[in-house]
Amino acid sequence: MNPIERGKITLDAWQARRATRAEIAARQQRRLAAMLSFVRRQSRFYKRHYADVPEGSTDLTQYPPVTKPTLMEHFDDVVTDTAITKAGVDAFVADETKIGERFLNEYPVWTTSGTTGEPGVFVQDETAWTISDVLGDRWIVPAMANRSSLARLFTQNLHVALVAVSGGHFAGAAGLELMRRESVLGERRLRLFSPTSPLDDLAAEMNQYQPAILEGYSTVLVELAQAQQDGRLDIKPALVLPTAEPISESQKRLLRDTFDCVVRELYGATEFVPIAVECDHGNLHANTDWVVVEPVDEEYQPVEPGTPSDTVLITSLSNRVQPLVRYDLGDSITMYEEQCPCGSAFPIVEVSGRQGDVLQFETDEGEEVPIFPLALATVVEDVPGVRRVQIIRTAATTLQVRFDVAPETAREAVWKHIKRELQSFFGNHGITGTTIEAASEPPQREERSGKFRYVWAELEE
């Protein structure tokens, strides 16, 4: 992409920041019509997939959704550049020496870890690569326009620390390496840190590096904040960006209070990086001028505003080389109609995300009710002394709790408090007779992705 085109995209994104709902919708509809027309002409897969949809229709409900396994199965027909093949991309991502390079010297390629199923491979074009930067900046840069933040940025030499899993073409690590290769200052100012490193080692590396911007897995950033409080870490970032995992309000408050800096949550995915960004009032705003976000139920029917979805369908309006139209992302989100006090017309979303499974329990009256992972984990997190928690459903009415406690905290007393709060939580939902057990092992990260799941089920068939 030439500098003029990149400049146009950047200017439009910043102009849209204060756009009205009608203006945002107009941008979305214009780009959606162009994308649908393009994929029906240029992608063999979508041409077949939409054979029964009337030509020219922009009513997305008429378009059948797609899933990651489907897109991977038909990869060669999905992509719109015939030079790209699944075999070629697979060979590229299998070579770790290629991390940070462009496939065919043109396309960034990201892979998913496969923690929620089959790994995926996603090729980005130059517009998608540009958008991944611009949409975050338009929310974050204004928050940094104050003397304290600017002083920290320059005192710490604009160092950026990203906590993300390495050893693969994952969006975080590979994207950072690509920027290091293509930026004059990237080599000195961009550094990757592993979420699987022992906390003391990670703190020591951070102390030496002194990041001005700290971004990465939410759970690791919370651990670093606790290390700062314990005196093992001593950094003064101007900006902290929790991402990749959902984060509670209490955890964000911990980050703000501990580091005394701007904190902005980022919600995105390998498939489309900047889905939503947090504003000054603590709300996530979906970037709907460049992505269509559809909260739906298990039958892919729209859910009412304010209702948690079973999953979410996203349509990227930026990536034409591997188009995503009504792609099932797998997250549970809630979208609201109310306008944010910050004044932005971009819709507010809350994310339960992929931190765990939605657990179905039966009430005493025989009614099935969903228990969402974020709500369940928060019950335990709010118990004084709890550092980290994982909750595993091991039987229909049995939950096993893994937890860490703060130093010099009486573990048995904390456990009694956890058990009491969980029983009260289930009782308030009309669910009694649930067995709550303490696990012998501590919370653990996923071996492959380095991510930290909160809640899931391990039920025997």
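The present account deals with the structure reproduced in this document. A quick note: this is a predicted structure, and the numbers were derived from the prediction, not measured.

A few words now on the environment of M144. As for its position among the elements, M144 is in the loop between helix 7 (126-140) and helix 8 (147-155). Along the backbone, M144 and V222 are 78 residues apart, and their C-alpha atoms lie at a distance of 21 Å.

Ranked by size, the top nonpolar core spans 55 residues in total, and within it Y46, L71, I84, V89 and Y267 carry the most contacts. No other element matches helix 2 (residues 21-42), which puts five residues into this core.

A word on the packing of helix 12 (residues 218-230) against helix 13 (residues 249-259). Viewed as axis vectors pointing N to C, helix 12 and helix 13 meet at an angle of 40°, and their least axial separation amounts to 9 Å. Here helix 12 is positioned oblique relative to helix 13, judged by the angle of their axes. In the crossing of helix 12 with helix 13, the sense of the turn from one axis to the other is left-handed. Where helix 12 abuts helix 13, its residues L221, V222, L224, A225, Q226, Q228 and Q229 lie against Q251, L254, L255, T258 and F259. In the contact of helix 12 with helix 13, the residues fall into seven nonpolar, five polar and no charged.

So, about the sheet that holds strand 15 (residues 348-351). Spatial strand order, 8-9-10-15-14: five strands in an open sheet with antiparallel pairing. Both edges of this open sheet fall to strand 8 (266-267) and strand 14 (333-336), since each of them pairs with a single strand only. Pairing between strand 10 (residues 284-286) and strand 15: two bridges, direction antiparallel. Residue pairing for strand 15: H285 is matched across the bridge by I348. Strands strand 8, strand 9 (276-278) and strand 10 of the sheet are contacted by helix 7, whose axis makes an angle of about 20° with strand 9.

What follows is about the packing of aromatic side chains. A full pass over the atoms with the stated rule returns eleven aromatic pairs. Here W110 and W129 contribute two aromatic rings whose centre-to-centre distance is 5.9 Å and whose plane-to-plane angle is 55°, an arrangement assigned as tilted. Remark: W129 occurs in helix 7 and W110 occurs in strand 1 (residues 109-111); sequence separation between them is 19 residues. Per residue, the accessibility class of W110 equals that of W129, and both read buried. Ring geometry for F403 against W415: centres 5.8 Å apart, planes inclined by 15°, an arrangement best described as stacked. Of this pair, F403 sits in strand 19 (residues 398-405) while W415 is found in helix 15 (residues 411-428), placing the two residues twelve residues apart along the sequence. Assigned by exposure class, F403 and W415 land together as buried. Here the aromatic residues F45, Y46, Y50 and Y63 are joined through ring pairs into a cluster of three or more. Across the ring face of F38, the terminal group of R320 is positioned such that the distance to the ring centre comes to 4.8 Å. Positioned over the ring face of F403 is R411, at 3.9 Å from the centre of the ring.

Right, let's talk about helix 13 for a bit. Among the residues making up helix 13, those that are buried are Q251, K252, L254, L255, T258 and F259. Along helix 13, the residues classed as buried sweep out an arc of 155° about the axis, all on the same side. Trailing helix 13 by a residue or two, D260 shows a phi angle of about 50°, which is positive.

For helix 8, the full list of buried residues reads S149, R152 and L153. The buried residues of helix 8 occupy an angular sector of 100° when projected down its axis, which confines them to one face. Residues of helix 8 that are exposed and point more than 90 degrees away from the buried face comprise R147, F154 and T155. Contacts made by the buried residues of helix 8 are with strand 5 (213-217), helix 13 and strand 7 (262-263). Regarding helix 8, its N-cap is N146, as a side-chain oxygen of that residue lies 3.3 Å from the backbone nitrogen of S148 further along. Phi turns positive one or two residues past the end of helix 8, at N157, with a value near 60°.

Attention shifts here to a nonpolar patch on the surface. A surface patch of nonpolar side chains, about 270 Å² in accessible area, is lined by L150, F154 and L158. For L158, the location among the structural elements is in the loop between helix 8 and strand 3 (160-163). Its relative accessible area of 31% is what places L158 among the partly exposed residues.

Calculation rules
Residues numbered from 1 in each chain as written. Predicted model: local features only at pLDDT ≥ 70, side-chain atom pairs only at ≥ 80, totals over all residues. Heavy atoms only, no water. Helix = DSSP H or I, 4+ residues; strand = E, 2+ residues; numbered from the N terminus. Core = buried A, V, L, I, M, F, W, Y, C linked by side-chain atoms within 4.5 Å. Buried < 20%, exposed > 50% of the residue type's maximum accessible area, 1.4 Å probe, protein only. Axes fitted to C-alpha atoms, helices over the stretch in contact; angles between N-to-C directions. Parallel < 35°, antiparallel > 145°, perpendicular 65-115°, else oblique. Left-handed = near helix turned anticlockwise from the far one by under 90°. Contact = heavy atoms within 4.5 Å. Nonpolar A, V, L, I, M, F, W, Y, C, P; charged D, E, K, R; others polar. Pairing = 2+ DSSP bridges. Phe/Tyr/Trp six-rings, centres within 6.5 Å; stacked < 30°, edge-to-face > 60°. Lys NZ or Arg CZ within 6 Å of the ring centre and 35° of its normal. Arc of directions from axis to C-beta. Polar contact = N/O pair within 3.5 Å; in protein donor to acceptor, adjacent residues only side chain to side chain. Patch = residues over 30% accessible without salt bridge, like charges linked within 9 Å, V, L, I, M, F, W, Y side chains within 5 Å. Areas by Shrake-Rupley, 256 points an atom, 1.4 Å probe, with all protein chains shown as cover. Salt bridge = Lys/Arg side-chain N within 4 Å of Asp/Glu carboxyl O.

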